[in-house]
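Okay, here's what each chain looks like letter by letter:
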Amino acid sequence: MLPIFWHDLGQTADTRCMRIQHALVGLMLCACSGTPTGADGGSADASADVGAEASVDAGTSLLDTCSATVGATVPAFYKTYFRCTDLSVNGSNLVISTKGQPPYKTYYYGPASTNYASFDTSRGNQYSPNPNTIKVQSVTFNVPLTPTAKSNLTITSGLIDGVVGTSSQEYKMGSAGVAINSVIMFNPLAAPGDDIENEKYTFDDYNGHPEMTGNYHYHTTTKGPLQVLSKLGFTTATEPGTATIELYGMMCDGTLVMGCTELSGATPILTGFDAQNGHAHDIIDNNNQTLLTNRYHVHLCPTKWTSNPRKFTPEIQYYTTCN
Ligand SMILES: [Zn+2]
Ligand SMILES: [Zn+2]
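Residues numbered from 1 in each chain as written. Chains lettered and ligands numbered in written order. Predicted model: local features only at pLDDT ≥ 70, side-chain atom pairs only at ≥ 80, totals over all residues. Heavy atoms only, no water.

(A) Inspection of the packing of aromatic side chains at higher detail. If you walk through the whole model with that rule in mind, you get 17 aromatic pairs. Each ring, one from Phe 273 and one from Trp 305, has its centre 5.9 Å from the other, and the planes form 35 degrees; the classification is tilted. In this pair, Phe 273 is assigned in the loop between strand E12 (256-258) and strand E13 (278-284) and Trp 305 in the segment after strand E14 (290-299), connecting sequence segments 32 residues apart. Between Tyr 296 and Tyr 318, the aromatic rings sit 3.8 Å apart at their centres with planes inclined by 5 degrees, giving stacked as the arrangement. (Phe/Tyr/Trp six-rings, centres within 6.5 Å; stacked < 30°, edge-to-face > 60°. Helix = DSSP H or I, 4+ residues; strand = E, 2+ residues; numbered from the N terminus.)

If you want it as structure tokens, here you go:
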């Protein structure tokens, strides 16, 4: 049996690349022609400034050595928690730029990289790497400092179906967010016939993987961002579900992706979540400082919250703009 998986691909005419995954050995082949897609799928998105920078070597930096520039007027929330990303303020927007280089060792840098590690096989032989290698990206988002919620949007379970193209409210395919360690985040969507639950077997031990243009990304919880919080002294534990404070990153529209805790370390109130474990309230740090006002965010905590087991990045874009 040779099922065809369309995850990480769009369903538009721009999609000219398809992967065939052998059901038994997990061997992934990729046949590309024509214009390269810029991301997990869909066409290269000009507004997200997706591209490769050949002048920068991939896989040469770790959390202690990665470069970053931070503008003086960048609000405390971003200044405090984001690492290895360039941050500035332009008018009413936070400008966040990343090269998408995970600041840790992973198989996906390839054996020539100083950041290469062997693929983690301890999770079982159903895990095997895909054939892609990380390349330097250039992704910039202009995130409103005060995002505007869409009017007349209620995020119900009917909207959360994991299938691309079933709602105009979905996040775009490809780069759709930035984790606090500078790794790019994708939405959790798969085109009909595919399932992200199959794709997960190509994740490295940080739950990341690159698509065919070398864009390494997360769809789910990961210890990578929690290692930033550990460096900053907010937690010692870094496995998802165990950290004192769990913040993963921010989607392009300003939606935060958090884990089992609020930014203060408090346990969220589980009642009142929408269908993607989202709710809006002030984001208050562990010193009782309000860093963001009434900000929508989702909480991913599948290991602890069996009644709310959502584990993937949000599917529906709550705020109006993703540029
Ligand atoms: Zn993916
Ligand atoms: Zn919350």
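(B) Examining the coordination of the zinc ion (ligand 2) more closely. The protein atoms donating to the zinc ion (ligand 2) are Glu 262 (OE), Glu 262 (OE), His 279 (NE2), His 281 (NE2), His 297 (NE2) and His 299 (NE2), with metal-donor distances spanning 2.0 to 2.5 Å. Here the zinc ion (ligand 2) is ringed by six donor atoms whose angles at the metal span 57 to 170 degrees, and the overall shape comes out irregular. Sequence positions of the donors to the zinc ion (ligand 2) reduce to the motif E-x16-H-x1-H-x15-H-x1-H. Here Glu 262, found in the loop between E12 and E13, pairs with His 279, found in strand E13; they are 17 residues apart in sequence, far enough to count as distant. According to the relative accessible area criterion, Glu 262 is buried, its value standing at 9%. The class of His 279 is buried, set by a relative accessible area of 12%. (Donors = N, O, S within 2.8 Å, 3.2 Å for Na, K, Ca; no water. Tetrahedral: all angles 85-135°; square planar, octahedral: opposite > 155°, others 65-115°. Buried < 20%, exposed > 50% of the residue type's maximum accessible area, 1.4 Å probe, protein only.)

(C) Seen up close, the environment of Gln 276. Looking at the element boundaries, Gln 276 is found in the loop between E12 and E13. Assessed through its relative accessible area of 1%, Gln 276 is described here as buried. With 36 residues separating them in the primary sequence, Gln 276 and Phe 312 have C-alpha atoms 8.8 Å apart. Looking at Gln 276, its side chain comes within polar contact range of the main-chain nitrogen of Glu 315, at 3.0 Å. A distance of 2.9 Å separates a polar atom in the side chain of Gln 276 from the backbone oxygen of Ile 316. (Polar contact = N/O pair within 3.5 Å; in protein donor to acceptor, adjacent residues only side chain to side chain.)

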